[in-house]
Amino acid sequence: MDLRENIKKIRAGLDKAALDAGRDPASVTLLAATKTQTSDTIRAAIAAGITVCGENRVQELTAHLEDNAYEGAAIHFIGHLQTNKVKYVVGKVDLIHSVSSEKLLRAIAAQAVKVGVTQDILLEINLAGEESKSGFPPDEALPAARLSAELDGVCLRGLMCIPPAAEKVGDNLPYFQKLSQLAVDITREMMDNSIDMDVLSMGMSGDWPDAVAAGSTCIRVGSALFGPRPPMSLRKD
């Protein structure tokens with residue numbers, strides 16, 4: 001695995017996709033999804049140019065924080081978050097992507113107030129209504145955004161989605177376009193509130209060109225950067 005070359009290749013692709021869409025390449029962040037990666041690999045990715053790392057699991061996040069593995073990069077939490085683990089994430093990461101319910105939103109806000117921080121968040125939207133995935137239904141996104149604006153301790157920065165697994169290039173473009181339009185609609189409806197929705201977290205290793213074309217500002221890439229993930233039983237830190 002040539003990590004530096006992989007980063008260079010993906011970054012070049014993102015830049016081209018942005019230019020093809022009439023966008024500034026600097027508006028698209030490459031987030032390294034570091035699920036199951038070792039602290040040494042994370043350090044190597046940051047040394048090779050990664051500026052944002054995204055963790056899926058609270059246990060791994062905690063271990064890497066204790067190991068000071070993220071030095072030099074922003075930290076995002078991108079995985080499913082249970083309310084009983086909020087205390088291990090709030091105030092420890094720069095952005096939580098996966099706020100998927102009112103219960104979780106309120107728990108994050110309460111913990112943030114408790115520790116004296118304002119936690120940046122994204123609302124996760126379940127665009128396809130998949131029972132296997134968490135997230136607000138699209139018609140509940142605006143009420144959730146309004147609640148976010150009312151709660152102390154949180155700052156709504158935008159939206160996130162994980163669309164259905166695509167069978168071919170282009171399958172997920174309609175979902176990305178829907179999320180982009182939903183963000184526009186929410187911003188318009190909440191013009192009387194102080195919100196700063198400037199993040200659209202959508203697109204991963206297999207579908208990021210369509211995500212960039214639809215307006216994504218944050219692409220979450222794991223396997224295309226690091227190769228196939230090692231089984232947890234074989235992982236060594």
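Structure first, text after, so check above.
Rules and cut-offs
- Counting from 1, residues in each chain are numbered in the order their sequence is written.
- Reporting in this predicted model follows two pLDDT cut-offs: at least 70 for local features of residues, and 80 or more for side-chain atom pairs to be given and counted; totals over whole chains, interfaces and linings ignore these cut-offs and use all residues.
- Only hydrogens and water are set aside; all other atoms, that is, all heavy atoms of the structure, feed into the side-chain values.
- Numbered from the N terminus, helices here are DSSP runs of H or I no shorter than four residues, and strands are runs of E no shorter than two.
- The globule rule is 2.2 Å times the number of residues to the power 0.38, and the radius of gyration it is compared with is taken over C-alpha atoms.
- Each residue is placed in one exposure class: buried if its accessible area under a 1.4 Å probe, protein chains only, is under 20% of its type's maximum, exposed if it is over 50%, and partly exposed if it falls in between.
- A contact between two residues is defined here by any heavy atoms of the two lying within 4.5 Å.
- Note on areas: Shrake-Rupley, 1.4 Å probe, and residue coverage restricted to the protein chains presented here.
- Charge convention: Lys and Arg are scored as positive, Asp and Glu as negative, and His as well as the terminal groups of each chain are ignored.
- Each charge is placed at NZ for Lys, CZ for Arg, CG for Asp and CD for Glu.
- To obtain the arc, one takes the directions from the helix axis to the C-beta atoms.
- By nonpolar core is meant a set of buried Ala, Val, Leu, Ile, Met, Phe, Trp, Tyr and Cys residues that side-chain atoms within 4.5 Å join together.
- A side-chain nitrogen of Lys or Arg and a carboxyl oxygen of Asp or Glu constitute a salt bridge if their distance falls within 4 Å.

K.L.:
How do you make sense of the overall build of the chain when you look at a structure like this?
P.N.:
A tally of helices and strands in the chain yields eight helices and eight strands. Since a compact globule built from 237 residues should have a radius of gyration of about 18 Å, the 17 Å found for the chain is in line with a globular shape. Projected onto its principal axes, the C-alpha coordinates of the chain cover approximately 50 × 40 × 30 Å. The proportion of buried residues among the 237 residues of the chain is 49%. Pairs at least 24 apart in sequence give 59% of the contacts found in the chain among residues at least 6 apart. Surface exposure of the chain reaches about 11500 Å², of which carbon and sulfur atoms provide 50%. In the chain, which carries 25 positive and 31 negative side-chain charges, the distance between the mean positions of the two groups comes to 5 Å.

K.L.:
How should I be thinking about helix H2 (residues 39–47) in this particular structure?
P.N.:
Each full turn of the α-helix corresponds to 3.6 residues, which orients residues three or four apart in the same direction. Within H2 the residues assigned to the buried category are Ser 39, Thr 41, Ile 42, Ala 45 and Ile 46. On an axial view of H2, the arc spanned by its buried residues comes to 160°, and they lie on one face. The exposed set on the far side of H2, more than 90 degrees from its buried face, consists of Asp 40 and Ala 47. Looking at the buried side of H2, the elements it contacts are helix H1 (3–20), strand E2 (52–55), helix H3 (58–66) and helix H8 (223–226). At the C-terminal side of H2, Gly 49 shows a positive phi close to 125°.

K.L.:
Mind showing me how you'd approach the nonpolar core here?
P.N.:
The nonpolar side chains of a soluble globular protein tend to be buried, and buried together. The biggest cluster of nonpolar side chains holds 66 residues, and the ones touching the most others in it are Leu 81, Ile 96, Ile 108, Leu 123, Ile 125, Leu 159 and Ile 186. In terms of residues, this core owes the most to one element, H1, which gives six residues. Residue contacts for Ile 125: discarding those within four places in its chain leaves Phe 136, Pro 137, Pro 138, Ala 141, Leu 159, Met 160, Cys 161, Leu 179 and Leu 182. Core analysis: the second largest hydrophobic core is formed by five residues, Leu 31, Ala 33, Val 52 and Ile 78 among them.

K.L.:
What is the right way to read the pattern of salt bridges from this model?
P.N.:
Side chains bearing opposite charge may pair, as long as their charged atoms lie close to each other. Applying the stated criterion across every chain, the model contains 11 salt bridges. The partner of Lys 16 in a salt bridge is Asp 20, and the shortest N-O contact between them spans 2.8 Å. Placement of the pair is Lys 16 and Asp 20 together in helix H1, with a separation of four residues, close to one helical turn. Summarising the burial analysis for this pair, Lys 16 and Asp 20 share the class exposed. The residue Arg 157 makes a salt bridge to Asp 198 at a minimum N-O spacing of 2.9 Å.

Any functional reading would require information that these geometric values do not contain.
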